[in-house]
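For reference, the chains in residue letters:
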2 protein chains.
Amino acid sequence: MTHPVPESADLLGAVAYGELAAFTRLAADADRAPDLAGRTELATLAAVEMDHFRRVRDHLAGRGVDVGVAMAPFVAPLDAFHHAVAPRDWPEALVVAHLGRGLADDLQSEILAWIEGVDDEVAALVRDVLADAGHGAFVEREVRAACADVRVRDRLALAARRLLGEALAGAAAVLDEHPKMAVIVVGPEGGGRAAMFKRMKSRHGKRMSALGL
Amino acid sequence: MTHPVPESADLLGAVAYGELAAFTRLAADADRAPDLAGRTELATLAAVEMDHFRRVRDHLAGRGVDVGVAMAPFVAPLDAFHHAVAPRDWPEALVVAHLGRGLADDLQSEILAWIEGVDDEVAALVRDVLADAGHGAFVEREVRAACADVRVRDRLALAARRLLGEALAGAAAVLDEHPKMAVIVVGPEGGGRAAMFKRMKSRHGKRMSALGL
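Residues numbered from 1 in each chain as written. Chains lettered and ligands numbered in written order. Predicted model: local features only at pLDDT ≥ 70, side-chain atom pairs only at ≥ 80, totals over all residues. Heavy atoms only, no water.

## Overview of the side chain of Arg39(A)
Step number 1: Relative to the elements of secondary structure, Arg39(A) occurs in helix α2 (residues 36-62).
Step number 2: Buried and unpaired, Arg39(A) has no salt bridge, with Asp79(B) as the nearest side chain of opposite charge at 4.7 Å.
Step number 3: Side-chain polar atoms of Arg39(A) contact the side chain of Tyr17(B), separated by 2.8 Å.
Step number 4: Look past the residues within four positions of Arg39(A) in its chain and what remains in contact with it is Ala30(A), Ala33(A), Tyr17(B), Leu20(B), Ala21(B) and Thr24(B). (Helix = DSSP H or I, 4+ residues; strand = E, 2+ residues; numbered from the N terminus. Buried < 20%, exposed > 50% of the residue type's maximum accessible area, 1.4 Å probe, protein only. Lys, Arg positive; Asp, Glu negative; His and termini not counted. Salt bridge = Lys/Arg side-chain N within 4 Å of Asp/Glu carboxyl O. Polar contact = N/O pair within 3.5 Å; in protein donor to acceptor, adjacent residues only side chain to side chain. Contact = heavy atoms within 4.5 Å.)

## Regarding the relation of the copies chain A and chain B
Step number 1: If you rotate chain A by 180 degrees and push it 0.0 Å along the axis, it lands on chain B with an RMSD of 0.0 Å. Given the turn and translation reported, the copies of this chain are related as if by a two-fold rotation axis. If distances are taken from each C-alpha of chain A to the rotation axis, the shortest is found for Ala47(A), at 2.2 Å.
Step number 2: Looking at the interface residues of chain A, 100% of them are also at the interface in chain B, so both copies use one shared face. (Least-squares fit on C-alpha atoms with pLDDT ≥ 70 in both.)

## Topic: the interface of chain A and chain B
Step number 1: In this assembly, 23 residues from chain A lie in contact with 23 residues from chain B.
Step number 2: When chain A packs against chain B, close to 1800 Å² is buried across both sides, 67% of that on carbon and sulfur atoms.
Step number 3: In this structure, the connection of chain A to chain B is made through 2 salt bridges.
Step number 4: The residue Arg54(A) makes a salt bridge to Asp51(B) at a minimum N-O spacing of 3.1 Å. (Buried area = accessible area lost by both parts, 1.4 Å probe.)

## Here's the deal with the packing of aromatic side chains
Step number 1: Under the counting rule described, the total for this entry stands at 1 aromatic pair over all chains.
Step number 2: Between the aromatic rings of Phe23(A) and Phe23(B), the centroid separation amounts to 6.0 Å while the plane-to-plane angle is 75 degrees, which identifies the pairing as edge-to-face. You can see Phe23(A) sitting in helix α1 (residues 5-31) and its partner Phe23(B) sitting in helix α1 (residues 5-31), one on each of two chains. An identical accessibility class is assigned to Phe23(A) and Phe23(B); each is buried. (Phe/Tyr/Trp six-rings, centres within 6.5 Å; stacked < 30°, edge-to-face > 60°.)

## Looking at the pattern of salt bridges
Step number 1: Scanning all chains against the criterion turns up 32 salt bridges over all chains.
Step number 2: For the salt bridge of Arg32(B) with Asp29(B), the shortest nitrogen-to-oxygen distance reads 2.8 Å.
Step number 3: Note on Arg32(B): relative accessible area 46%, which makes it partly exposed.
Step number 4: Bridged by salt links that share partners, the residues Arg88(A), Asp89(A), Glu92(A), Arg155(A) and Arg162(A) form one connected network.

## Some points on the nonpolar core
Step number 1: Ranked by internal contacts, the top residues of the largest apolar core, which has 136 residues, are Phe23(A), Val56(A), Val143(A), Leu213(A), Phe23(B), Val56(B) and Val143(B).
Step number 2: With near-sequence residues (within four places) excluded, Val56(B) lies in contact with Leu12(B), Val15(B), Ala16(B), Leu125(B) and Val129(B). (Core = buried A, V, L, I, M, F, W, Y, C linked by side-chain atoms within 4.5 Å.)

## Looking at the side chain of His59(A)
Step number 1: Note on placement: His59(A) falls in helix α2.
Step number 2: Every residue in contact with His59(A), bar those within four places of it in the chain, is listed here: Leu12(A), Glu121(A), Val122(A) and Leu125(A).

## Section: helix α3 (residues 67-84) of chain B
All names here are of chain B.
Step number 1: With 18 residues, α3 should reach 26 Å at 1.5 Å per residue; the first-to-last C-alpha distance of 25 Å fits that figure.
Step number 2: Of the residues making up α3, those classed as buried are Val67, Ala70, Met71, Phe74, Phe81 and His82.
Step number 3: The N-terminus of α3 is capped by aspartate 66, whose side-chain oxygen sits 2.9 Å from the backbone nitrogen of glycine 68. (Expected span 1.5 Å × (residues − 1).)

## Examining the packing of α2(A) against helix α3 (residues 67-84) of chain A
Residues and elements named next belong to chain A.
Step number 1: Across the interface, α2 lies against α3 with an axial gap of 9 Å and an inter-helix angle of 115 degrees. The segment α2 lies against α3, with Phe53, Arg57 and Leu60 engaging Val67, Ala70 and Met71.
Step number 2: Along the lines of polarity and charge, the residues of the contact of α2 with α3 split into 5 nonpolar, no polar and 1 charged. (Axes fitted to C-alpha atoms, helices over the stretch in contact; angles between N-to-C directions. Nonpolar A, V, L, I, M, F, W, Y, C, P; charged D, E, K, R; others polar.)

## Structural notes on the packing of helix α7 (residues 150-177) of chain A against helix α9 (residues 192-210) of chain A
All names here are of chain A.
Step number 1: As a packed pair, α7 and α9 sit with axes 11 Å apart at the nearest point and diverge in direction by 160 degrees. By the criterion of interaxial angle, the relationship of α7 to α9 is roughly antiparallel. Seen from above, α7 lies across α9 with right-handed handedness. Here Ala157, Ala160, Arg161, Leu163, Leu164, Leu168, Ala171, Ala172, Leu175 and Asp176 of α7 lie close against α9, whose contacting residues are Arg193, Met196, Phe197, Met200, Lys201, His204 and Met208.
Step number 2: Taken together, the residues that form the contact of α7 with α9 break down as 12 nonpolar, 1 polar and 4 charged. (Parallel < 35°, antiparallel > 145°, perpendicular 65-115°, else oblique. Left-handed = near helix turned anticlockwise from the far one by under 90°.)

The quantities given are spatial measurements derived from coordinates; they are silent on function.
Here it is as structure tokens:
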């Protein structure tokens, strides 16, 4: 693979729309926060998504690719994913925000592991975007407090498992429809997919435990 | 005035909530955009507000002031302002976003002119936040296109004038309720207020003209 630009543009289009869709979700959740601290926290996380988005957009523009064109194929599947996991209240919003970010980071780490050496510029960009995801203390504190009620905890654990299921189903659907991108993410034989999903399940489970779920 | 910290904390609380409220408005408008380009544009503007917010929050934290406490007195008046000028459709959303940002910049410039030399650190922060507001080309293009229909143009011009009226009324109410802050913004005698409002009106009119309104 000596010309990875078209495939990585596809990939970065998916990453860019992932950021934009996450912004939309987080901003809507911020607007429904029970207090100013929660609103500020989710608005800040939403803004971080757009910081990442801008870097991906500028990178694509530098290669003559319009981010809107690159994102277009991923609007429907990512919107369907967000619709399926739409939180019903504030604690669910925090769980979806935190664990959804974790799953997105996992996916990007998997992409990074494969892309390293194939396209150094894209690898550097993905690493850079991954690096400053830093958040979680606020969400962990709030979710742990909500889990004091065992019925709330059970409901949040269900939401967290649904999130994983929808994320893996969504990722599989996108990879099926974009074979060139699938080659980048899971290798030429596609054999890496099961192993990748297993790693994501394991990391998701650890993040659930950290939240007390 | 040898200890400007309490007054400038008040002032920065107003600036911080102004940024957060603008974020909420722009993010909601982004979600109602007619296409991916418009959605991306307003989401990016929303994120810029939160970048500014974070700088103000960090500055206040460095002085031992919690941003939530500093913002609290300004939540009700700024929410009332945003409610009064809530856009009814996409072209109005663009007009309110663009001209509202312009009015906020004007206010901050006025503050800057007064604070210079009184509190260099706050002056530097305000100047820094003002510097990267850069946007407008997208909005100008879209609004000019919408103005091809003269009825739409008349309606947008009305919305723009309402925005100015609400902004000046809101600013006057806030200054009345916060005399210490008023001293910073319009001088110890309050005599600068009429002149300041006149300058803001004039600049707003120029921005309306630039939009074709």
